[in-house]
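Letter by letter, the chains look like this.
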Amino acid sequence: LSTAKPLAGGLPMGAVLVTQEVNDAMKPGDHGSTFAGNPLVCAAANVVIDRLEQPGFLEQVMSKGELLKSLLTEKVGSNKHVVEVRGAGLLVGVQLDTAAGPLVDACRDAGLLVISAGKGDVLRLVPPLIITEDEIARAVDIIAANMSVLD
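The model shown is predicted, which means the values in this text are computed figures rather than measured ones. (Residues numbered from 1 in each chain as written. Predicted model: local features only at pLDDT ≥ 70, side-chain atom pairs only at ≥ 80, totals over all residues. Heavy atoms only, no water.)

### Here we look at the nonpolar core
Item 1. Ranked by size, the top nonpolar core spans 28 residues in total, and within it Leu68, Leu72, Val94, Leu123, Leu125, Ile143 and Met147 carry the most contacts.
Item 2. Mapped by element, the contributors of at least two residues to this core are helix 3 (57–76), strand 3 (82–88), strand 4 (91–96), helix 4 (101–109), strand 6 (122–125) and helix 5 (133–146).
Item 3. Per-element accounting of this core gives the leading share, 6 residues, to helix 3.
Item 4. Discounting chain neighbours no more than four positions away, the residues touching leucine 68 are Leu90, Val92, Leu125, Pro127, Ile136 and Val140. (Core = buried A, V, L, I, M, F, W, Y, C linked by side-chain atoms within 4.5 Å. Buried < 20%, exposed > 50% of the residue type's maximum accessible area, 1.4 Å probe, protein only. Helix = DSSP H or I, 4+ residues; strand = E, 2+ residues; numbered from the N terminus. Contact = heavy atoms within 4.5 Å.)

Shown next as structure tokens:
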């Protein structure tokens, strides 16, 4: 299993998790990486792991994800261009029946960074795990206020 992006809070670091059998077969020099840990990114990764291990932190992430999906459903779910709101945790998408590009641009112009996904017809929201409930509400308000660009 390989992983990278979230390990060091956005700094370049990757990791490969292997079984004991694979580990036993590897010798020094068998594996290298341009994203191997250095002291700075390892320190950052330790902070990320410490935060993730704080009691209740991941439960709060899931709760914030549910709030995000709920507010999106409430405020834009009835829009004629919204097919569905879906996601897991704070990785949330709004499936549209049209290209998301104009909405992505309008949100950016209003101060909210979102991206498109899928075939370009999904508004993808990937906020930081430390987002506040007020910031979630503000983001949804910006999206709702700009839905008309899809007409």
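### Quick notes on the layout of surface pockets
Item 1. Quantified by volume, the largest pocket comes out at close to 510 Å³.
Item 2. With 5 residues, helix 2 (residues 39–52) is the single largest residue contributor to the lining of the largest pocket.
Item 3. Looking at the lining of the largest pocket residue by residue, the classes come out as 11 nonpolar, 3 polar and 3 charged.
Item 4. Lining the second largest pocket we find Leu68, Leu112, Leu113, Val114, Leu125, Val126, Pro127, Pro128, Ile131, Glu135, Ile136 and Ala139. (1 Å grid on protein atoms, 1.4 Å probe; cavity = no way out; pocket = protein on both sides within 12 Å on 5 of 7 lines; lining within 4 Å. Points joined across faces, edges and corners; volume = space filled by probe spheres on them. Nonpolar A, V, L, I, M, F, W, Y, C, P; charged D, E, K, R; others polar.)

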